Each structure stands twice: as C-alpha cells, then as structure tokens.
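Structure at a glance
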Amino acid sequence: MNLRKVVVQGAALALCAGIFVAPVAAQDAPVATETPGADAPAPADVPPVPEADPQVVRGEYLARLGNCISCHTVAGGEPFAGGLPFKTPYMFLGTIHSTNITPDDETGIGKWTEEDFVRAMHTGSGPNGDLFPAFPYTNFTKVTEDDTKAIYAYLRTVKPVKAEAPANSFVFAFRFAMKFWNAMFFEEGRFVADSSQSEEWNRGAYLVEGLGHCSACHTPRNIALAEKKNEHMWGAVVPDVVLEGEYRPWFAINLTQSKKGGLAHWSIDDLKRYLKTGHNKFGGAFGPMNEVIANSLSHMTDDDAKAMATYLKSLPAAPDTQAMQLAEDEKKAGEELYLKHCEECHARSGRGGFMKAPPIVNSAVVQGQDPASLINVILYGAEPAKSLNPPGAWETMRSFRDRMNDQEIAAVANYVRSSWENTGSKITAQDVAKHR
Ligand code: HEC
Ligand code: HEC
Ligand code: HEC
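Moving on to the overall build of the protein. Secondary structure assignment for the protein yields 17 helices and nine strands. Evaluated residue by residue, the protein yields a buried proportion of 51% over its 436 residues. Across the protein, every contact between residues at least 6 apart in sequence was considered, and the portion connecting residues at least 24 apart equals 71%.

Next up, the structure:
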C-alpha cells in the first residue's frame, strides 16, 4: 500500500467510524437484570398511516423492514425524531447521534425533496453533507428507487417534530472525510437479481442485503470499519447496551451454514419462525436481536419471512470453530457448576427442556468464534422483548452476575463450549471481566 493510501485510510479510520456503532441506553431503559431491547417500543408506538394511499402503506411496511424507527427514536421520545446516540468501537471517536427524519421544516427533513431523500439513501450524501455509515446506506443503496420513494412518501405522513439532534463529538464534523472512505470502501448500486436462483431466493437476498441490513452487525469489519466482503455474515463483534448506559461487546452470530458455530441445522422453516416470532425450537432472541425482531422482522409477511429464510439458508459456510484443549480438572470444575446452575433448565444432555429452555447443544451463540454473547447471557441473563410473546416460548433466564465470579463463569462457559458436540476456543476469567 502506498503512503497516500495509508494516510487516506488513516483519515478514514479516524474520522468515519460511525459505522460500527451501538445505541446508548436511554433514560428509562430496562432495570437491573433485564436484557437490552426488552423494552423495545411496541408496534403500537409506530404512528398510524392517516390515509390509505397505497404508496404510503407500502412505504410504512418497507420502513419497518429497514428498522428506521429503532435507530431514529429515543426511548419514550417521538417516533423518528432522532437523537439516539451511537458509540463507535474506537473510544477517541466519541459519539454520533441519529438525526430527525420527521417532516419538520427546520430540524427534520421537511424541506427535502424526494430526490434529496433517494440520493441520501443510495449514496450516503444528503443536503447537509456526507453521512457517516452509522446510517446503513451501504446496505440501503441496494433498495430500488421505487421502494425508496415509497419510504419517502410514508415519512411525509408522520407527525413533524421539532427536535434538534444533540451535538456529535468533534471528529464527526469532518464530513468531507467520507469522500475518501466512500471512494475506498463503498459500492453504490441497486440489487441485481441472480437469474440462476428462484424468485423467492432473490426476494430474500434483496431484503437481507438491502433494507434488512443484517450484514451491518453480522459481518466483521476491517480496521477502517468497512465490512469484509470475503467474510460475509461470518459473525462479528458489535458494541451494544447490556444494562442502562452500559456497553459491552456482543457477538452477532455466524449466520452461514457452518456446522460448528453456524446455522446448518436450522431448516428454512426454523429460520422463518425465529425471524417472525423471535423464537423457535433452537433458540430465542435476546440482546440486540430483540429490537431487530420486535420493531422490524416480526412485521414481515409470511412470504417475505420465508424468502429471507430461503436466502439465509444458502449462505456458504464460514470455517467451523475448533475444539479446545481442556484439562480433566477444568472440565470437572465446569461440570459441577453446570449441574448446580444450568442443568435444571438446559438438562444434563444440554438439550434443554420443553417450555423451559432452549438446547445449548449445537447453539451458534455457545460456539461463537467470539464468546461475547455467551458471556453476556450468563452474566446478564436472557429475555425476549416484551412485545414478543410467542406461543410455546420459554420463561426467561436469570442473571448470574452475583452468583458466580469471573473464574466460575469462564469455567462453565468452557464446559458448554467443549461438551456434547460443541466446539469453541477457550475463555479466561479476564475475558469475562471485560464484560462486567
Ligand atoms: C443502524 C441505525 C440506523 C438505521 C437502521 C437507520 N438509520 Fe437513518 N441515520 C442513522 C444515523 C446515526 C444517522 C446520522 C448520520 C450522520 O449524521 O452522518 C442517520 C441519518 C439519516 C438520514 C439523513 C438525515 C439528515 O438530516 O441528514 C436519513 C434521511 C435517514 N437516516 C433515513 C433513514 C431511513 C429512511 C431509515 C430506514 C429505512 C433509516 N434511516 C435507518 C442511523 C440509522
Ligand atoms: C443491531 C445488530 C444486529 C442486526 C441489525 C441484526 N442482528 Fe441478528 N443478531 C445480533 C446479535 C448480537 C445476535 C446474538 C444475540 C442474540 O441472539 O440476540 C444475533 C443473532 C441472530 C440470530 C441467531 C439466533 C440464535 O439463537 O442462534 C439470527 C438467526 C439472526 N441474528 C438473524 C438476523 C437477520 C436475518 C438480520 C437482518 C434482517 C439480523 N439478524 C440483523 C445482532 C444483529
Ligand atoms: C431458569 C431456567 C434457566 C437456567 C437456570 C439457565 N438458563 Fe440458559 N436459557 C434459559 C432460557 C429460557 C433461555 C432463552 C431465553 C430467550 O429466549 O430469550 C436461555 C438461553 C440460554 C443460552 C442461549 C442459547 C441460544 O442459542 O440462543 C445460553 C448459551 C444459555 N442459556 C446458557 C446457560 C448457562 C451456561 C446456564 C448456567 C450458568 C443457564 N443457561 C442457566 C433458561 C435458563
């Protein structure tokens, strides 16, 4: 790499990291042992469509698939009025806030033309300057012009709110830096159908890669925080809320067909059920996925959910996670803790229990390339979003923060990552300490 490229990349890294971000818990976020997202705004919070203009109705549906509301609404605040803070993984970058996208003339996008809006969604460049990829235009660029216009039409009908977004930390004033970043990492262009695949597969690919922006969390990023194209959906660490105002790394699991650490054993129907309800026989949503499902995916039609599942089922497998070396006494210590704290719900066999708990044998969360989500589940418990109440779902899993020390949590995590058919790298007490 020549010097100019290094400098440009450095600038991009320093100034444009809005991509790898996480919302800060708002004022009335969940109390103590609740998991994040459990208080995701109920569907009823979404403003009703005033008249039945078919374009507006379609736009509302599409806006849900893009989950605009989760990022553009603070807890207890007006829908789409913005102001939600996002953290980057680099401390020195500080915080960037989402903007007001209601049709208010002064503080929102009331003066934006349809053209302005389409350009912002497709190129990341708005009338107020280049946008940082905390706004997932790198995915939204794939959305058709027609669908984008429908979203615009819908946003014109939501209640205008006068609300200025709080000031961003100073690095985010350097919007010109995005020119370099875009030149190096951004590919503008609409979704192109693959004619060798079915219509259903193509619809799924369009939704997953476009509005659904799954890769924004599930694909690992390079040092300049651009998605690694050759590790598409291999799973990635994302900073997000665990308790009010507190961030911890989460692992957005490997969504590919890997046998160890991926979703090879989930059928299309299993995937569809999880996306629509946050629950299936293998697992239930918790953590950052709660908001994605409650505010967005659960509103999908059956056909769209099936299409998404069909496409996900075709993702080529990432490398399997590898088995760890665990000494006999380490295994024994882990087993004791498992029998004491976990067996009651997840069973000795790790296969879980009907109405009690999901299996942890073959779990992608347990076998993750990175153990972040496994550690969070044990430390903070697991609970689906309140608005999701799928039939046949389990109860919740309590927090073990005050019941086990770091050493013990590492021991039980290593036990579940090395028992039955499971694989995964070894965890230390220090790894757990970072999540406290
Ligand atoms: C992952 C979080 C996230 C999601 C999802 C998201 N946005 Fe945003 N959006 C942001 C952030 C953060 C900004 C501010 C970026 C900046 O200031 O550079 C933003 C900025 C924008 C802007 C620019 C506004 C301005 O005043 O310049 C528009 C328009 C916008 N978003 C529309 C949408 C729409 C429509 C959707 C849903 C289809 C959506 N966003 C989904 C995070 C998100
Ligand atoms: C805001 C970040 C984020 C986005 C966006 C996101 N995910 Fe996730 N996802 C996660 C995290 C973190 C986990 C692991 C924790 C959990 O299960 O909640 C996860 C877990 C999952 C699981 C695994 C459940 C299990 O129990 O093994 C599936 C399936 C999934 N996501 C699918 C999707 C799809 C499909 C999309 C896009 C439509 C998507 N996700 C978008 C963060 C995200
Ligand atoms: C009171 C019953 C209960 C106990 C005890 C319990 N769990 Fe859980 N566990 C659950 C439930 C219920 C879920 C699913 C929560 C959801 O759907 O959000 C879960 C989810 C999980 C998951 C996520 C699985 C996946 O793939 O989505 C892991 C990992 C896990 N538990 C590990 C453990 C470990 C390790 C222990 C012991 C330290 C333990 N659990 C103790 C009930 C329990």
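Okay, the nonpolar core next. Ranked by internal contacts, the top residues of the largest apolar core, which has 114 residues, are Leu275, Ile293, Met308, Val412 and Ala413. Two domains each put at least three residues into this core: domain 1 (3-252) and domain 2 (328-433). Not counting the four nearest positions on each side in its chain, isoleucine 293 is found in contact with Leu275, Gly278, Ala285, Ser298, Ala385 and Leu388.

What follows is about the site of ligand 2. In the neighbourhood of ligand 2, 27 residues make up the surrounding shell, with Gly212, Cys214, Cys217, Gly283 and Met289 lying closest. Looking at the shell around ligand 2 residue by residue, the classes come out as 21 nonpolar, six polar and no charged. Three or more residues apiece are contributed to the shell around ligand 2 by two domains, here domain 1 (3-252) and domain 2 (328-433).

Moving on to helix α7 (residues 177-185). Within α7, burial applies to Ala177, Met178, Trp181, Asn182 and Phe185. Down the axis, α7 shows its buried residues gathered within 130° of arc, on one side only.

Our focus in this paragraph is helix α8 (residues 199-209). Considered for burial, the residues of α8 that qualify are Gly204, Ala205, Tyr206, Leu207 and Val208. The secondary structure elements touched by the buried residues of α8 are α2 (54-65) and α12 (302-312).

Positive phi, normally seen in glycine, also occurs at alanine 347, with a value near 70°. Counting through the fold element by element, alanine 347 comes out in the loop between α14 (343-346) and α15 (372-380). What makes alanine 347 partly exposed here is the crowd of 16 C-beta atoms within 10 Å. With a phi close to 70°, asparagine 362 is a non-glycine residue in the positive phi region. Relative to the elements of secondary structure, asparagine 362 occurs in the loop between α14 and α15.

Of all residues adjacent to ligand 3, which total 28 residues, the nearest are Gly283, Gly284, Cys342, Cys345 and Met397. In terms of residue class, the shell around ligand 3 is made up of 19 nonpolar, six polar and three charged.

Within the secondary structure, histidine 218 sits in helix α9 (residues 215-218). C-beta crowding within 10 Å serves as the criterion here: with 22 such atoms nearby, histidine 218 is assigned to the buried category. The spatial distance from the C-alpha of histidine 218 to the C-alpha of alanine 252 is 5.1 Å, given a sequence separation of 34 residues. Once residues lying within four places of it in the same chain are set aside, the contact partners of histidine 218 are Met233, Gly235, Ala236, Ala252 and Leu255.

Of all seven residues making up strand β7 (residues 246-252), five are buried, and the element is well covered by its neighbours. The sheet contact formed by strand β6 (residues 236-243) and β7 spans seven bridges and is antiparallel. Within the sheet, the bridge partner assigned to leucine 243 lies in β7 and is glutamate 246. Hairpin remark: β6 followed by β7, antiparallel, with two residues in the connecting loop; positive phi at glycine 245, about 70°.

The next thing to look at is the confidence of the model for the protein. Parts of the prediction with low pLDDT should not have their coordinates interpreted in detail. Taken as a whole, the protein shows an average pLDDT of 88; of its residues, 88% reach a score of 70 or greater. Confidence over residues 1-38 falls short of pLDDT 50; this stretch has 105 contacts with residues more than four positions distant or in other chains.

Among the structural elements, threonine 88 can be located in the loop between β2 (85-87) and β3 (95-97). With 24 C-beta atoms packed within 10 Å, threonine 88 lands in the buried category.

For any two helices packed against each other, the geometry comes down to the angle between their axes and how far apart the axes lie. Viewed as axis vectors pointing N to C, α2 and helix α6 (residues 145-156) meet at an angle of 100°, and their least axial separation amounts to 7 Å. Between α2 and α6, the interaxial angle falls into the category roughly perpendicular. Only Asp147, Ala150, Ile151, Ala153 and Tyr154 of α6 make contact with α2, whose side of the interface consists of Gln55, Val56, Arg58, Gly59, Glu60, Leu62 and Ala63.

Mapped onto the secondary structure, alanine 134 falls in the loop between β5 (129-130) and α5 (137-140). The buried category is assigned to alanine 134, around which 27 C-beta atoms lie within 10 Å. Sequence separation of alanine 134 and serine 98 is 36 residues, and the distance between their C-alpha atoms is 8.3 Å.

Reading guide: rules and limits
Residues numbered from 1 in each chain as written. Chains lettered and ligands numbered in written order. Predicted model: local features only at pLDDT ≥ 70, side-chain atom pairs only at ≥ 80, totals over all residues. Helix = DSSP H or I, 4+ residues; strand = E, 2+ residues; numbered from the N terminus. Buried ≥ 20, exposed ≤ 12 C-beta atoms within 10 Å, placed from the backbone. Contact = placed C-beta atoms within 7 Å. Core = buried A, V, L, I, M, F, W, Y, C linked by C-beta atoms within 7 Å. Domains from an automatic or database assignment. Near = placed C-beta within 6 Å. Nonpolar A, V, L, I, M, F, W, Y, C, P; charged D, E, K, R; others polar. Arc of directions from axis to C-beta. Pairing = 2+ DSSP bridges. pLDDT = per-residue confidence, 0-100. Axes fitted to C-alpha atoms, helices over the stretch in contact; angles between N-to-C directions. Parallel < 35°, antiparallel > 145°, perpendicular 65-115°, else oblique.

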